[in-house]
Amino acid sequence: MLLDTKEGIIVTSPVVNMNLATAANAFLIFTIPILVNQLIGTKSAKIRKVHLFNNVAGNTNVVIGNGVGIGVFVALLPALATMNNLEDIYGEHGDLPEVESFANITAYPAALLVGGSVDIQLELAIIG
Amino acid sequence: MTDLYIFKTQVGMFDPLALYNQNVAIHYVQNAYYRKVDFLEGMPPFQCINLGALAALTPGPRTAVPNLDMPDNEFGLFRWYPIDDAQIRLYHPAGIAKFQLRNLQVPVDMNVVVRDPNLVSTEIAVWENNRPAMEAINGHAFGLGAVRIIAIGYRFHTVSLESGANADPDLVKAMKSGKEPCTHVFCSGRGIGD
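Peer 1: Help me understand the nonpolar core in this model?
Peer 2: The tendency in soluble globular proteins is for nonpolar side chains to be buried as a group. Formed by 43 residues in total, the largest nonpolar core has its most connected members in B:Phe75, B:Ala125, B:Val126 and B:Met134. Counting residues per element, the ones that place at least two in this core are strand 1 (23–28), strand 2 (31–50), strand 5 (74–82), strand 6 (87–91), strand 7 (124–127), strand 8 (133–138) and strand 9 (148–160) of chain B. Among the elements that make up this core, the one with the highest residue count is strand 5 of chain B (5 residues). Excluding residues within four positions of it along the chain, B:Met134 makes contact with B:Ile49, B:Leu51, B:Thr63, B:Val65, B:Ile88, B:Arg89, B:Leu90 and B:Ile149. Core analysis: the second largest hydrophobic core is formed by 22 residues, A:Ala21, A:Ala23, A:Phe30 and A:Val62 among them.

Peer 1: Which parts of the structure should I look at to understand the interface of chain A and chain B?
Peer 2: For an interface, size is often stated in terms of accessible area lost upon the parts coming together. Counting residues at the interface gives 11 residues for chain A, matched by 11 residues for chain B. Its residues placed into classes, the side of chain A that touches chain B shows 4 nonpolar, 5 polar and 2 charged.

Peer 1: Where do I start with the pairing of strand 9 of chain B in this structure?
Peer 2: For a regular strand, side chains alternate in direction, first toward one face of the sheet and then toward the other. Residues and elements named next belong to chain B. Where strand 2 and strand 9 come together, 12 bridges link them in antiparallel fashion. Bridging across to strand 9, valine 37 finds its partner in threonine 158. Bridge count between strand 5 and strand 9: 9 bridges; the pairing is antiparallel. What sits directly across from arginine 79, in strand 9, is isoleucine 152.

Peer 1: Where do I start with the sheet that holds strand 2 of chain B in this structure?
Peer 2: Within a sheet, adjacent strands bond to each other through the backbone by hydrogen bonds, running parallel or antiparallel. Residues and elements named next belong to chain B. The strand order across the open sheet formed by 6 strands is 7-5-9-2-1-10, and the pairing between neighbours is mixed. Strands at the two margins of the open sheet, each flanked by one partner only, are strand 7 and strand 10 (183–186). Across the sheet, the axes of successive neighbouring strands diverge by a mean angle of 35°, strand direction being ignored. Strand direction decides the pairing type here: strand 5 and strand 7, joined by 4 bridges, are antiparallel. Bridge pairing links phenylalanine 78 to isoleucine 124 in strand 7.

Peer 1: Explain the confidence of the model for chain B here, please?
Peer 2: For residues with low pLDDT, the predicted coordinates do not support detailed interpretation. Per-chain confidence: chain B averages 94 in pLDDT, with 98% of residues scoring 70 or above. Listed scores for the predicted complex are pTM 0.90 and ipTM 0.84.

Peer 1: Explain unusual backbone geometry to me, please; I cannot follow it from the model alone.
Peer 2: Of all residues except glycine, most have a negative phi; of all peptide bonds, most are trans. That bond from B:His92 to B:Pro93 is cis: its omega, -5°, falls within 30 degrees of zero. Within the secondary structure, B:Pro93 is located in the loop between strand 6 and helix 1 (112–115). In this structure, A:Thr22 is a non-glycine residue whose phi angle is positive, near 80°. If you trace the backbone, A:Thr22 turns up in the loop between strand 2 (16–18) and strand 3 (27–30). One non-glycine residue with positive phi stands out, namely B:Val29, at about 50°. Looking at the secondary structure, you find B:Val29 in the loop between strand 1 and strand 2. We classify B:Val29 as partly exposed; it has 18 C-beta atoms within 10 Å.

Peer 1: For this particular structure, what's the right way to read the environment of B:Asp168?
Peer 2: Secondary-structure assignment places B:Asp168 in the loop between strand 9 and helix 2 (169–177). Between the alpha carbons of B:Asp168 and B:Asn21 there is a distance of 13 Å; along the sequence they are 147 residues apart.

The rules behind these values
- Residues numbered from 1 in each chain as written.
- Chains lettered and ligands numbered in written order.
- Predicted model: local features only at pLDDT ≥ 70, side-chain atom pairs only at ≥ 80, totals over all residues.
- Core = buried A, V, L, I, M, F, W, Y, C linked by C-beta atoms within 7 Å.
- Buried ≥ 20, exposed ≤ 12 C-beta atoms within 10 Å, placed from the backbone.
- Helix = DSSP H or I, 4+ residues; strand = E, 2+ residues; numbered from the N terminus.
- Contact = placed C-beta atoms within 7 Å.
- Nonpolar A, V, L, I, M, F, W, Y, C, P; charged D, E, K, R; others polar.
- Pairing = 2+ DSSP bridges.
- Axes fitted to C-alpha atoms, helices over the stretch in contact; angles between N-to-C directions.
- pLDDT = per-residue confidence, 0-100.

This is the structure in structure tokens:
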């Protein structure tokens, strides 16, 4: 696909522990680089990999998108399944559409067992 | 002096069109300025403009590119390509279409990096603050978050051979007659029929 010619600098997000469910509690996963009057150009991020680890959260889904809040959050991808107490890895060339985000990336688990959580980390290509 | 020409092709970064102390004739619309290069430096690839978000199936407004402006007495030599999937129409200056055929103004899209990896077909020169302008066309059924353009090239500082401390009427006469070499640098498009 031609978009593969988009040059990108590979970075990773921090590991974020998501211990609350629903879009109202969406967690900030990755911040688009911006430094007013210093950084030249508009940056965007293409998600290359999603790494999930389910900490006894039950079988559930993780939704990745932009924004926080019900009615505000907009998904970038369909929900990704995560299995109870297992890790799940999704990759750009196998599982993920080449979505590109121009806003900070947030995510939330659809539901959690009491006391459970999901760890998430992204690998991204910074474009621009 | 065989290295004095525009539209150079080679693998990798392109060469400057003139070196230190070499003569140039800068053409802007119908004017020509005879000058000599006394400084040059490279311009690494940089994002010269973000034409902004663009709705589905929409052409954007014609937008000046002030980041390609040059200081007084200077001209820039640039090649460029978009990194978002729009077609770009270039105007230089804003009222004159570039890449103009009789029936079609040729746009530039992301394919250019595959079809013309040296970007030779996108080469433009900018004289002082006579900036180009661009229009983006989104043919997709979805909106684009941004339309960003990357430029790469050279900056040339020049001194006038026609007036001032470096004036040399004999040299200018020889340049005009072709007896002395100079690189002709076209810093604008040209209207059909002009």
